[in-house]
Amino acid sequence: MLTPPSDSEKHVGRLIVEAGMVRAGPLLALPAVLRSLGVDPSELLAELGLTESFFEDPENTLSMAFAGRLLGLCVERTGCEHFGLLVGQNAGASSLGALGYLIRSSANVGDALAAFSRHLDVQDQGGTVWVDSEGSHSILGYTLFDAEVDSLDQIMACAIAIGTNILRSLFGPPWRPDDVLFAFSRPRRVGPYERFFGVQPRFDADRSGIVFQSILLGAPVPSADFLLHKLMEERVRELKRISEDDVVAQIRRLLRTMVTSPDCSMSAAAARIGVPRRTLNRKLAAAGTSFHEQREEARRELACQLLENTRTTATEIAEILGYADPASFTRAFQRWTGSAPGQWRASRGAASARVEGQDRPDGGTAC
């Protein structure tokens, strides 16, 4: 039996989502998915100190760490290795409350995704949404702050499925992704992923996201509504004022998206959050930290995530993180963890040791 959640992990939040927490909205289908796979949700949830009624209110909150443990237990009891995907494919913009309405009432797709990435913190303080335009194609992605959370693959599959549903609502049928990336190893069954996304995803990637044509950023949103958008903007601003963020938390979130970019500098980060470089430096120092320390922490978390959940080599990770050579990365990793990358990966029983096989024939269940 897993350890029941603490009061803070179970607490119901009507306005504020605390650091490391997420609203329950995107997980509301979890009991129904359990039931469809032959597992009594009441019994399973009781082991964690929860009831089905918890998933009837999208404003309830739980920690991302607890969500990972919950999804892991669901996989264990159902035997369904794509359980997170099944939960995520039942959620979309409407599961995000005021933020979802803000997204769907935007004038065009670019504005909608900008609002999504800029204001996710009112819904989710356990990860960050980002949009990266690379010439003819763009990526809508999601990154967790805690790279060592349990069942990272389940959380990411759930998140990317929700992101895909949001894009489908913005683009309209018959849109489908050009590509889908996952920063975890290829599961034994890829058929459920191919059926939902309409393409064969690429696993062992350096990030998780949905690839689409950049020209679509200018496409009008079918559900655009100027008045509703203004109302939801005010609602989101109210939520953000209530949970006023400090600069360390802002930088911490931002670096999870910048750490693989060519310019991951203090100047670039200061420009992104709209403060002078000297002001940023002073505020970080007052909080007992520095930009260098926060960047190193972001690099450490991504390196650990890739080592544990993918087959990406240490040499490739060094390149992803912008190190001049693999030796520099190895020295940094030893400084962070006390172990070389290969030793750390082996000690974690990481993805390189997982068995990779072909799709098993589909059975008669929803899984």
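Refer to the preceding data block for the structure.
Everything numeric here is computed off the predicted structure, so don't read it as measured data.

Trainee: Describe in detail the environment of Ser151, supporting the description with residues and values.
Mentor: By secondary structure assignment, the location of Ser151 is in the loop between β4 (137-144) and α8 (152-171). Sequence-wise, Ser151 and Leu73 are 78 residues apart; in three dimensions their C-alpha atoms are separated by 9.2 Å. Those residues in contact with Ser151 that sit more than four places away from it in its chain are Gly68, Leu71 and Gly72. For Ser151, the side chain forms a polar contact with the main-chain nitrogen of Gly72, separated by 3.3 Å.

Trainee: Can you lay out the packing of aromatic side chains for me, pointing to particular residues and giving the numbers?
Mentor: Applying the stated criterion across every chain, the model contains 15 aromatic pairs. Aromatic pair Phe54 and Phe55: ring centres 5.2 Å apart, planes at 75°, arrangement edge-to-face. In this structure Phe54 comes out as buried when scored by relative accessible area, which is 8%. With a centroid separation of 5.7 Å and 55° between ring planes, the pair formed by Tyr323 and Phe329 is classed as tilted. Here Tyr323 and Phe329 have matching classes, each one buried. Each residue in the set Phe182, Phe184, Tyr193, Phe196, Phe197 and Phe203 is aromatic and connected to the rest through ring pairs, giving one cluster. Here the guanidinium or amino end of Arg168 rests over the ring plane of Phe196, the centre of that ring lying 4.6 Å away. Geometry around Tyr323 places Arg299 over its ring, the cationic atom sitting 5.1 Å from the centre.

Trainee: Give a detailed account of the nonpolar core, specifying residues and quantitative values.
Mentor: Residues Leu30, Phe83, Phe116, Tyr142, Leu167, Leu170 and Phe197 are the most contacted members of the largest nonpolar core, which totals 78 residues. Examining the composition of this core, we find that 13 residues originate from one element, α8, more than from any other. Discounting residues that sit within four places of it in the chain, Phe197 has contacts with Leu85, Ile160, Ala161, Thr164, Arg168, Arg176, Pro177, Val180 and Phe182.

Trainee: So what about the packing of helix α7 (residues 109-119) against α8? Which residues, and what values?
Mentor: Packing of α7 against α8 leaves a shortest axis separation of 10 Å and a crossing angle of 150°. When the interaxial angle is binned, α7 and α8 end up roughly antiparallel. Pair α7 / α8 crosses with right-handed handedness. Contacts between α7 and α8 pair Val109, Ala112, Leu113 and Phe116 from the former with Ile166, Leu167, Leu170 and Phe171 from the latter. For the contact of α7 with α8, the residue count by class is eight nonpolar, no polar and no charged.

Trainee: Got a sec to walk through the environment of Gln125? Specific residues and values, please.
Mentor: Position of Gln125 among the secondary structure elements: in the loop between α7 and β3 (127-134). Its relative accessible area of 11% is what places Gln125 among the buried residues. The spatial distance from the C-alpha of Gln125 to the C-alpha of Arg253 is 8.9 Å, given a sequence separation of 128 residues. Among the polar contacts listed, one links the side chain of Gln125 to the backbone oxygen of Asp121, at a separation of 3.2 Å.

Trainee: Lay out the pattern of salt bridges in plain terms, naming residues and giving numbers.
Mentor: Taken as a whole and assessed by the stated rule, the structure comprises 18 salt bridges. Glu134 is the salt-bridge partner of Arg207, the closest N and O atoms lying 2.6 Å from each other. Placement of Arg207 in the loop between α9 (191-197) and β6 (209-213) and of Glu134 in strand β3 is noted, with a sequence separation of 73 residues between them. Classification of Arg207 by relative accessible area gives buried; the value is 18%. Linking Glu301 and Arg256 is a salt bridge whose minimum nitrogen-to-oxygen distance equals 2.9 Å. Residue Glu301 is found in helix α14 (residues 291-309), and its partner Arg256 is found in helix α11 (residues 247-258); the two are separated by 45 residues along the sequence. By relative accessible area, which is 7% here, Glu301 ends up buried. Here the salt bridges share partners, and the residues they tie into one network are Asp132, Glu134, Asp206 and Arg207.

Trainee: Outline the side chain of Thr78, supporting the account with residue identities and numerical values.
Mentor: In this fold, Thr78 is placed in helix α4 (residues 64-78). Engagement of the side chain of Thr78 in a polar contact is seen with the backbone oxygen of Cys74, the distance being 2.7 Å. From its side chain, Thr78 meets the backbone nitrogen of Cys80 in a polar contact 3.1 Å long.

Trainee: Explain α11 to me, using residue names and the numbers behind them.
Mentor: For α11, built from 12 residues, the straight-helix expectation of 16 Å at 1.5 Å per residue is met to within 8% by its first-to-last C-alpha distance of 16 Å. Buried residues of α11: Val247, Ile251, Arg253, Leu254, Leu255, Arg256 and Met258, and no others.

Trainee: Tell me about the sheet that holds β3, and please be specific about residues and values.
Mentor: Reading across the sheet, the four strands line up as β3-β4-β6-β5 and stay open at both edges, with antiparallel pairing between neighbours. Strands at the two margins of the open sheet, each flanked by one partner only, are β3 and β5 (179-181). When the angles between neighbouring strand axes are averaged without regard to direction, this sheet yields 20°. Where β5 and β6 come together, three bridges link them in antiparallel fashion. Within β6, the position partnered with Leu181 by the bridge is Gly209. Seen against the sheet, α7 touches β3, β4 and β6 and runs at an angle of roughly 145° to β3.

Quick notes on the rules
Residues numbered from 1 in each chain as written. Predicted model: local features only at pLDDT ≥ 70, side-chain atom pairs only at ≥ 80, totals over all residues. Heavy atoms only, no water. Helix = DSSP H or I, 4+ residues; strand = E, 2+ residues; numbered from the N terminus. Contact = heavy atoms within 4.5 Å. Polar contact = N/O pair within 3.5 Å; in protein donor to acceptor, adjacent residues only side chain to side chain. Phe/Tyr/Trp six-rings, centres within 6.5 Å; stacked < 30°, edge-to-face > 60°. Buried < 20%, exposed > 50% of the residue type's maximum accessible area, 1.4 Å probe, protein only. Lys NZ or Arg CZ within 6 Å of the ring centre and 35° of its normal. Core = buried A, V, L, I, M, F, W, Y, C linked by side-chain atoms within 4.5 Å. Axes fitted to C-alpha atoms, helices over the stretch in contact; angles between N-to-C directions. Parallel < 35°, antiparallel > 145°, perpendicular 65-115°, else oblique. Left-handed = near helix turned anticlockwise from the far one by under 90°. Nonpolar A, V, L, I, M, F, W, Y, C, P; charged D, E, K, R; others polar. Salt bridge = Lys/Arg side-chain N within 4 Å of Asp/Glu carboxyl O. Expected span 1.5 Å × (residues − 1). Pairing = 2+ DSSP bridges.

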